[in-house]
Amino acid sequence: MAIFTRTVWIAGFMLLPLTTHASYIESTIGTAVVNDATASFFNPAALVQLKSSQVVAQGTLTYFRTQFSGQSTFVATGTTESGSTSSNTRFYSPSIYLGVPVNNNIIVGLAIVTNSANRNADDNSVLRYVQSNNNIQDCDIVPAVAIKLNQFFSIGAGVNFS
């Protein structure tokens with residue numbers, strides 16, 4: 001499985017940067033999310049669009065391998081090394097979103113979004129001073145509420161516990 005990063009430019013304006021994100025929704029429409037439970041995380045006020053309870057489960061899985069062959073210069077000493085190295089990177093992000101109408105004007109939501117990423121670089125590689133092993137683990141729990149003030153306006157809030 002491969003995920004590529006690309007950016008589309010039209011008439012000098014950037015239109016839809018597509019990168020590896022926690023979700024496709026986050027990378028493309030962000031706060032414009034309406035009519036599904038993912039609004040619990042991205043735009044709580046949009047929860048008022050839900051007509052019934054909803055659960056959305058999704059995830060992202062990315063793996064890529066990088067390779068380098070060439071020279072690396074250690075700036076502090078001016079020492080140059082030649083060689084090759086590689087690293088493996090894994091990213092996964094399962095998430096679940098819940099939206100439940102309490103009545104016609106109040107909707108509660110819950111988002112649980114996790115991010116896990118790690119990069120394993122070769123030990124003693126030619127790039128040992130410019131790349132390192134990384135490990136990131138994160139879990140966001142976001143309770144949210146939306147209140148429909150009238151047919152045109154709603155307010156919403158969520159608290160992110162990470």
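Model, not experiment: these values are computed from the prediction. Per chain, residues are indexed from 1 in the order of the written sequence. In view of the model being predicted, local features appear only for residues whose pLDDT reaches at least 70, and side-chain atom pairs are presented and counted only at 80 or more, with totals across whole chains, interfaces and linings using the full set of residues. Note that the side-chain values use all heavy atoms of the structure and ignore hydrogens as well as water.

S.K.: I keep staring at the side chain of S87 and nothing clicks. Help me out?
M.R.: Helix and strand assignments follow DSSP, with helices taken as H or I runs no shorter than four residues and strands as E runs no shorter than two, numbered in order from the N terminus. Locating S87 in the fold gives a position in strand β5 (residues 79-92). Judged by relative accessible area, which is 2%, S87 ranks as buried. Reaching out from S87, the side chain makes a polar contact with the side chain of T66 at a distance of 2.7 Å. It only takes one pair of heavy atoms within 4.5 Å for two residues to be counted as in contact. Beyond its immediate chain neighbours, meaning those up to four positions away, S87 contacts F64, R65, T66, R119, N120, A121 and Q131. Here's how the labels work: a residue is buried when its accessible area is under 20% of the maximum for its type, exposed when over 50%, partly exposed in between, all with a 1.4 Å probe on protein chains only. Here a polar contact is recorded for every N or O atom pair within 3.5 Å, except that within protein the pair must consist of a potential hydrogen donor and a potential acceptor, and residues adjacent in sequence are included only if both atoms are side-chain atoms.

S.K.: Can you walk me through the environment of N150 in this structure?
M.R.: Within the secondary structure, N150 is located in the loop between β8 (134-148) and β9 (154-158). A polar contact is formed between the side chain of N150 and the backbone nitrogen of F152, at a distance of 2.7 Å. Within the local environment of N150, its side chain forms a polar contact with the backbone nitrogen of F153, the two atoms lying 2.9 Å apart.

S.K.: Just to check I follow, could you spell out the packing of aromatic side chains for this structure?
M.R.: The geometry of an aromatic ring pair comes down to the distance between the two centres and the angle between the two planes. Ring pairs shown here join Phe, Tyr and Trp side chains whose ring centres sit within 6.5 Å, with only the six-membered ring taken for Trp; geometry is labelled stacked below 30 degrees between planes, edge-to-face above 60, and tilted in between. What the rule picks out here adds up to 2 aromatic pairs. Ring centres of F41 and F42 lie 5.0 Å apart, and the angle between their planes is 80 degrees; on these two criteria the pair is classed as edge-to-face. Owing to a relative accessible area of 12%, F42 belongs among the buried residues under this scheme. Judged by centre distance (6.3 Å) and plane angle (35 degrees), the ring pair of F42 and Y97 falls under tilted. Of the two residues, F42 is situated in helix α2 (residues 39-42) and Y97 in strand β6 (residues 95-101); the sequence distance between them amounts to 55 residues. By the burial criterion, F42 is buried, and Y97 matches it.

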